[in-house]
Amino acid sequence: MRVILIGGTGHIGTYLVPKLVEAGHEVVCVSRQQSQPYADHDAWQSVEFVGIDREKSEEHGDFGAQIASLNGEVVIDLICFTPQIAQHLAENLRGKVQHFLHCGTMWVHGHTVQVPTTETAERNPFGTYGINKAKIEAYLLNFHKEYGFPVTILHPGHITGPGWLPVNPAGNLNPEVFVRLAQGEEIILPNLGMETVHHVHADDVAQAFVKAIANRESAIGESFHVVSEQALTLRGYAEEMAKLFGQVPQLQFQPWEVWQKSVSERDRELTWDHIAHSPCGSIEKARKLLGYQPKYSSLQAVQEAVEHYFQKEGI
């Protein structure tokens, strides 16, 4: 099938493009510029690149028309963040594609109520990103119900892999946490370290997109979680990472009101966002309907990413 991939040169695209090509699809990669993927692969030699500045095209109101003119049977949008843009694209593709796949986020759930959370859980998003993604999901699924628009929505967790630092055991992106764990030094976690994070390797996200296309009849009109098999508590995450480095975990805990004063504003904001969400998603639906089976556990995905970072930085 002819697959139009919007935003295909990023982390997910690095793994998705080779899988699509190997599955026999004709791939057209739409991006502002032809940047290099995170990892080399011969499959990229058979990819057609189309340069479109999405932001400018959206301002002119012709982005959807440009994508439709590429005559794709399948369109995958990895970088849509507002309901207005989702609506614009969907309306331009209605009746012109066999399958449209949107990359969502576990953030559509907002605060976790029951764990593992299923796709049928009530949406209670907070924060601009989560709220907009939930609105996109609601719009696209309703567009499917009203007009038969062939949409599938995949909700990844904390994406990681070589070249993409993972959310760390403190719930932010500061690599110093991993360095201290690797050196056997003490790290301080907020509260009791029992909030959760749910990672997924970019390779497994790519797997889910390919399987959704292959299982189109089961995938259309549905949303799916795309995460590892199990989430991690911050405490357990820190303990297991220390052990992977051959160290004895040295952990201390502080109430949020105290902990937040000891870190940068950026780290504080990211940690609060992650522990307030504390995602823990079920993958049973994706496993049953798509045959999704993550290759990486959370720890395996994180370990690969951190080892790559350490090698790159000479740590």
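Shown above is the structure to which this text applies.
Calculation criteria
All chains use their own residue numbering, which begins from 1 and follows the written sequence. Selection of residues for local features in this predicted model requires a pLDDT of at least 70, selection of side-chain atom pairs for listing and counting requires 80 or more, and totals for whole chains, interfaces and linings are taken over all residues. With hydrogens and water stripped out, all remaining heavy atoms of the structure feed into the side-chain values. In DSSP terms, a helix is any run of H or I states spanning at least four residues, a strand is any run of E spanning at least two, and both are numbered starting from the N terminus. Radius of gyration here is computed from C-alpha atoms only, and the compact-globule reference equals 2.2 Å multiplied by the residue count raised to the power 0.38. Exposure classes here rest on a 1.4 Å probe applied to the protein chains alone. A residue is buried below 20% of its type maximum, exposed above 50%, and partly exposed in between. We call two residues in contact when some of their heavy atoms are within 4.5 Å. Reported accessibility uses the Shrake-Rupley method at a 1.4 Å probe radius. Residues are deemed covered only where the shown protein chains occlude them. The span one expects for a helix is its residue count, reduced by one, times 1.5 Å. Exposure above 30% relative accessible area and no salt bridge define the residues that can form patches, which grow by joining like charges within 9 Å and nonpolar side chains of Val, Leu, Ile, Met, Phe, Trp and Tyr within 5 Å. For salt bridges, the criterion is a side-chain nitrogen of Lys or Arg within 4 Å of an Asp or Glu carboxyl oxygen.

Chemist: Can you help me understand the overall build of the protein in this one?
Modeler: Helix and strand content of the protein: 13 helices and 13 strands. For the protein, whose C-alpha radius of gyration is 20 Å, the value lies close to the compact-globule estimate of 20 Å for 315 residues. The dimensions of the protein, computed from C-alpha atoms along their principal axes, are 55 × 40 × 40 Å. Counting every position in the protein, which comprises 315 residues, the buried fraction comes to 52%. Here the analysis covers contacts within the protein between residues at least 6 apart in sequence; of these, 78% occur between residues at least 24 apart. Put simply, the protein shows about 14200 Å² of open surface, and 47% of that area lies on carbon and sulfur atoms.

Chemist: Looking at this structure, I do not really get helix α7 (residues 202-214). What am I missing?
Modeler: Given 3.6 residues to a turn, an α-helix orients residues that are three or four positions apart in the same direction. Taking 1.5 Å per residue, 13 residues should reach 18 Å; α7 reaches 19 Å between its end C-alpha atoms and fits that length. α7 sits mainly inside the fold: 11 of its 13 residues count as buried. For α7, the complete set of buried residues consists of Ala202, Asp203, Asp204, Val205, Ala206, Gln207, Ala208, Phe209, Val210, Ala212 and Ile213.

Chemist: How should I be thinking about a nonpolar patch on the surface in this particular structure?
Modeler: A cluster of nonpolar side chains, contributed by Ile79, Phe81 and Tyr129, occupies part of the molecular surface with about 270 Å² of accessible area. Locating Tyr129 in the fold gives a position in helix α5 (residues 128-147).

Chemist: Any chance you could explain unusual backbone geometry here in plain terms?
Modeler: For residues besides glycine, phi is generally negative; the peptide bonds are generally trans as well. For the peptide bond that leads from Val115 to Pro116, omega is -5°, which places it in the cis range. Note on placement: Pro116 falls in the loop between β5 (99-103) and α5. With phi around 55°, Asn71 is a residue other than glycine that occupies positive phi space. Position of Asn71 among the secondary structure elements: in the loop between α3 (63-68) and β4 (74-77). Look at Asn71 and you get exposed, because its relative accessible area is 58%. With a phi close to 60°, Asn191 is a non-glycine residue in the positive phi region. Note that Asn191 resides in the loop between β8 (187-190) and β9 (196-197). Using a relative accessible area of 27% as the deciding quantity, one classes Asn191 as partly exposed.

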